[in-house]
Amino acid sequence: MSRIESAYFCDLSHTGQGVSSDTMPYRSGCLAAYLKQNFSADLHCGIYKFVDDFDAGFRERTPDVVCFSNFVWNEQLNLRLAQRVKDFSRDIVVVFGGPQFPRMDDGQGAFLRDNPQIDFFIEKEGERAMLGLFNALREHPGDLDAVKSLRLPSVRSYCNGEFLSSDYAPKILDLSEVVSPYTTGLMTPFFRQNLMPVLQTSRGCPFTCTYCVEGDPYHSTIGKHPDSTRFSREIDYIAKEVTACDGNTLLNLADSNFGMYPEDIEYAKCMGESIGQYGFPSYIHVATGKNNKQRVNDVVRLVNGRMRVSASVQSLDKEVLENIKRSNIDTEELAILGKEAINRGGDCFSEIILALPGDTREKHISGVKRLIDSGFNHIALYTLMILSGSLMDDRDHQEKYGMDIRYRVLPRCFGKYEFLGKSIGCAEYEAVCVAQDSLSFEDYMECRCFALTVFAFYNDKAFGYLQNILEHYGAPVSEWISRIHDLCMAPGSSLREIYAHFARETENELFASPADILRFADSPGTIEKYMNGEFGYNLLYTFKYKIIVPAFREACDIAVQAFTSLLGEMGVFDPSASSRYVEELGRYISSKCRDMFDANDIRGVRFSYDFPGRERRGDWTLGDEGQAEETTCDFLYPEETRRNLATLSKLFGTDEQGQARIFTRIPIQSLYRVPAAVERD
């Protein structure tokens, strides 16, 4: 290689079962734009999200450098494609970057030793390090060993049996140094691929959580834009492109703590203006900050409630929080934050991670119940992932707490592809903790089944009408969820087999080592089984789908049974007075929420009570026979929801796994029909 005239940037997604990563390759676009500005305006840059496009671009023009963005969801694909690139031509320089890289030098050296198809790995932020590498490659044409010996900032390599590293390149603190990949046109092709646009207003995180890649001290210094001018131009550009091609109306805002900084108000105003002018974004995926609840709520108001407020806690136990170097704001303050966000038209969620150091079954379930009773309308329940590059990715740390680490294939992160005339099949995997000194595997399984109940019956408020009545009478909603869980797990329950199936799959998805999981995935016919849905789906979302779509009527019966049981014990529910009300309320809920993916209206349903009027007035009292007022209702599917559902169905498919994936992309409440009382003639 005498000159660098072309470089390809691959931020690849698996497509074996729909698109696994549906965001635009924004960071690759930033790198390409930075190099075109600072290395050579004539540099030919190809940016790829899908293997087929990468293959076509490669055949059209052989690149001098290929750069892979390495994440947990595409690492095996990157490694195998990189090997094929080297088989094609040893002269092509292969560069990796991204968060999926061991944190310690011994792990980094072993990774590069075991994967000689990688010439260089850029650790942490990429732009300045990549520019330095490209300049060195130009100055030492064809001599990779010479470039490696320079030990460039942030560049890691392996040469003649030695791991070579250096200090990090200086971080970019003024993000205006990075050229926009949107307004320079580099992202334009991806609007027509129905991918979700990505923007970022700040880089870094001031917190030090040991389970998170950004818990490393490197990330504590925050990079920002000087003002909102560029963001405003980008939002306007994106909105026009999305409108012109009927593209993806969602927005991924890749900040770690949006709403924590004063300038976030201006960014929210920009998005609010775009919503008013273009209707874009229809929803914003973002992690909000925890240290300024008033500003976060102002942000929610400015974007018309089109985002969830993330009030994540990960644990509510003091010992666990100390073990992971995390502090939470007070639970009562979190509850206020959630309620204010909901009152402003937004959505508020929290998160808890199972199997953190020092966790127990009792601590975990107690924390979940406290969040339920605090009023969060969505609670995400995760198993602890051991992320490469995080402080927890350390053998001594894991041995200290007796962590039992297993491995499982990531949902939808697999496939078979043709690249440069060779068939390449693979599956991605993650490391998870399923037990430790304070948490048995049996307790882990019990907590995961409880998580399914929370996902299906509490999150997204399919049974929110019942919850509102419970709150009106001072009944603990967490007790209602516990009773639902017991009914679902009881012998003879109509949903018991779904839970038993979920438990089997939860256990069966675990492997003892990376070698075991790769050997299994590489065995003949296995990738095809993942692709046809036999293996490899997201268990919580798939089994939630099984409960609230095909089994919704049975789920509704159980929710009502737990509801009447709890209120009966409190002396509130009198069967002789309110049985008909509760029975018809179940029909009303079912008419709103059942068969939500059919997108069909339900018309002319008769009730003895004015349920839409009661909802509108916030009248959550139990009705009795003396309050009967015959009402006919239509349950209508909004046209905007039909359009959004059609867009997402194109991307993810209409099978069970595809529809379950839609649950991860939009608030499920938006798929419920809107009830309206029909006026009498």
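In this text the structure is predicted, and so the values were computed from the model without any measurement.

Asks: It is not clear to me how the overall build of the protein should be interpreted in this structure. Could you clarify?
Replies: What the protein contains, in helices and strands, is 26 helices and 20 strands. Considered along the principal axes of its C-alpha atoms, the protein spans approximately 90 × 55 × 45 Å. By the burial criterion, 61% of the 681 residues in the protein qualify as buried. In the protein, of all internal contacts separated by at least 6 residues, the share reaching a separation of at least 24 is 78%. Each charge class in the protein can be summarised by its mean position, and for the 74 positive and 98 negative side chains these summaries are 2 Å apart.

Asks: Please explain the sheet that holds strand S19 (residues 631-636) as it appears in this structure.
Replies: Ordered by their spatial adjacency, three strands build an open sheet running S18-S19-S20, and the pairing between neighbours is antiparallel. Of all the strands in the sheet, the pair left with one neighbour each is strand S18 (602-607) and strand S20 (674-677). Averaged over all neighbouring strand pairs, the angle between strand axes comes to 30°, with direction disregarded. Across four bridges, the pairing between S19 and S20 is antiparallel. From the neighbouring strand, Asp634 faces S20, where its bridge partner is Ala676.

Asks: What should I look at first to understand the packing of helix H9 (residues 264-278) against helix H10 (residues 293-302) in this one?
Replies: For any two helices packed against each other, one specifies the inter-axial angle together with the distance between the axes. Direction vectors running N to C along H9 and H10 enclose 15°, while the axes themselves pass 8 Å from each other. As judged from the angle between their axes, H9 and H10 are roughly parallel. Our pair here, H9 against H10, has a crossing hand that is right-handed. Touching Asp264, Ile265, Ala268, Lys269 and Gly272 of H9 are Arg295, Asp298, Val299 and Leu302, all from H10.

Asks: Where do I start with the side chain of Arg295 in this structure?
Replies: The topology assignment puts Arg295 in helix H10. Setting aside residues up to four positions removed in sequence, Arg295 forms contacts with Gly259, Met260, Tyr261, Pro262 and Ile265.

Asks: What is the right way to read the sheet that holds strand S11 (residues 250-253) from this model?
Replies: Hydrogen bonds between backbone groups are what pair the strands of a sheet, and the pairing can be parallel or antiparallel. On the basis of which strands lie adjacent, the open sheet formed by three strands has the order S8-S11-S12 and parallel pairing. Lying at the two open borders of the sheet, with one neighbouring strand each, are strand S8 (198-199) and strand S12 (283-285). Alignment of S8 against S11, held across two bridges, turns out to be parallel. Bridge assignment links Leu199 to a residue of S11, and that residue is Leu253.

Asks: How do you make sense of the pairing of strand S4 (residues 93-97) when you look at a structure like this?
Replies: Consecutive side chains of a regular strand alternate in pointing toward one face of the sheet and then the other. The element S4 is largely enclosed, with a buried count of five among its five residues. Every second residue of S4 is oriented toward a common face, with Val93, Val95 and Gly97 on one face and Val94 and Phe96 on the other, all of them buried. Inspection of the sheet shows strand S3 (residues 65-69) paired to S4 by five bridges, in the parallel sense. Looking across to S4, one finds that Val65 is bridged to Val93. With respect to chirality, the unit in which S3 leads through helix H3 (residues 75-88) into the neighbouring parallel S4 is right-handed. For the handedness criterion, the β-α-β arrangement of S4, helix H4 (residues 105-114) and strand S5 (residues 120-122) is classed as right-handed.

Asks: Help me understand empty space enclosed by the protein, please; the structure alone is not making it clear to me.
Replies: Any empty space left between the atoms is revealed when a probe the size of a water molecule rolls over them. One pass over the structure, following the stated rule, counts four cavities of 30 Å³ or more. Looking at the second largest cavity, its volume works out to about 60 Å³. Every residue lining the second largest cavity is listed: Tyr26, Cys30, Leu175, Val178, Gln200, Arg203, His225 and Arg230. Partitioning the lining of the second largest cavity into residue classes produces four nonpolar, two polar and two charged.

Asks: What's the story with the pattern of salt bridges in this structure? I'm lost.
Replies: It is possible for side chains bearing opposite charge to pair when their charged atoms get close. The tally for this structure, following the rule as stated, stands at 42 salt bridges. Measuring nitrogen to oxygen at the nearest pair gives 3.3 Å for the salt bridge that ties Lys124 to Glu123. In terms of burial, Lys124 and Glu123 fall into one category: buried. Each of Asp601, Arg603, Asp634, Glu639 and Arg642 takes part in salt bridges that share partners, so that together they form one network.

Asks: Just checking my understanding: could you explain the nonpolar core for this structure?
Replies: Most often, soluble globular proteins have nonpolar side chains that are buried together. Grouped together as the largest cluster of nonpolar side chains are 198 residues, with contacts concentrated most on Phe457, Phe463 and Trp480. For this core, the element with the highest residue contribution is helix H15 (residues 441-458), accounting for 13 residues. If near-sequence neighbours (up to four positions away) are discounted, Phe463 is found in contact with Ala456, Phe457, Trp480, Phe552, Ala555, Cys556, Ala559 and Ile589. Formed by 28 residues, the second largest nonpolar core is a distinct cluster that contains Tyr8, Leu81, Ala82 and Cys426.

Asks: Before we go on, may I ask you to explain H15 in this structure?
Replies: The α-helix winds at 3.6 residues per turn, so residues separated by three or four positions along the chain end up facing the same way. Between its first and last C-alpha, H15 extends 25 Å over 18 residues, near the 26 Å set by a 1.5 Å rise per residue. For H15, a buried count of 15 out of 18 residues is recorded, marking the element as mostly surrounded by other parts of the structure.

Asks: Sorry if this is basic, but what is going on with the side chain of Ser478 here?
Replies: Relative to the elements of secondary structure, Ser478 occurs in helix H17 (residues 477-489). Beyond its immediate sequence surroundings of up to four residues, Ser478 is in contact with Lys369, Ile372 and Asp373.

Asks: Could you clarify how one ought to interpret the environment of Phe349 in this entry?
Replies: Here Phe349 shows up in strand S14 (residues 347-354). If we skip the residues at most four places from it in the chain, Phe349 touches Arg308, Val309, Ser310, Ala311, Ser312, Phe376, Asn377 and His378.

Asks: Just to check I follow, could you spell out the pairing of strand S1 (residues 6-10) for this structure?
Replies: Where burial is concerned, most of S1 is hidden: five out of the five residues are buried. Pairing geometry for S1 and strand S2 (residues 44-48), over five bridges, is parallel. From the neighbouring strand, Ser6 faces S2, where its bridge partner is His44. Handedness of the crossover joining S1 and S2 through helix H1 (residues 26-38) is recorded here as right-handed. Pairing of S1 with S3, which is carried by four bridges, proceeds in the parallel orientation. Residue pairing in the sheet places Phe9 in a bridge with Cys67 of S3.

Asks: Please clarify how the environment of Lys148 should be interpreted in this entry.
Replies: Examined against the element boundaries, Lys148 turns out to sit in helix H6 (residues 144-149). In this structure Lys148 comes out as buried when scored by relative accessible area, which is 10%. When the C-alpha atoms of Lys148 and Glu418 are compared, they prove to be 32 Å apart, with 270 residues separating the residues in sequence. With near-sequence residues (within four places) excluded, Lys148 lies in contact with Asp119, Phe120, Ser157, Tyr158, Cys159 and Leu164.

Reading the values: the criteria
Residues numbered from 1 in each chain as written. Predicted model: local features only at pLDDT ≥ 70, side-chain atom pairs only at ≥ 80, totals over all residues. Heavy atoms only, no water. Helix = DSSP H or I, 4+ residues; strand = E, 2+ residues; numbered from the N terminus. Buried < 20%, exposed > 50% of the residue type's maximum accessible area, 1.4 Å probe, protein only. Contact = heavy atoms within 4.5 Å. Lys, Arg positive; Asp, Glu negative; His and termini not counted. Charge placed at Lys NZ, Arg CZ, Asp CG, Glu CD. Pairing = 2+ DSSP bridges. Axes fitted to C-alpha atoms, helices over the stretch in contact; angles between N-to-C directions. Parallel < 35°, antiparallel > 145°, perpendicular 65-115°, else oblique. Left-handed = near helix turned anticlockwise from the far one by under 90°. Right-handed = clockwise from strand over helix to strand, strands pointing away. 1 Å grid on protein atoms, 1.4 Å probe; cavity = no way out; pocket = protein on both sides within 12 Å on 5 of 7 lines; lining within 4 Å. Points joined across faces, edges and corners; volume = space filled by probe spheres on them. Nonpolar A, V, L, I, M, F, W, Y, C, P; charged D, E, K, R; others polar. Salt bridge = Lys/Arg side-chain N within 4 Å of Asp/Glu carboxyl O. Core = buried A, V, L, I, M, F, W, Y, C linked by side-chain atoms within 4.5 Å. Expected span 1.5 Å × (residues − 1).

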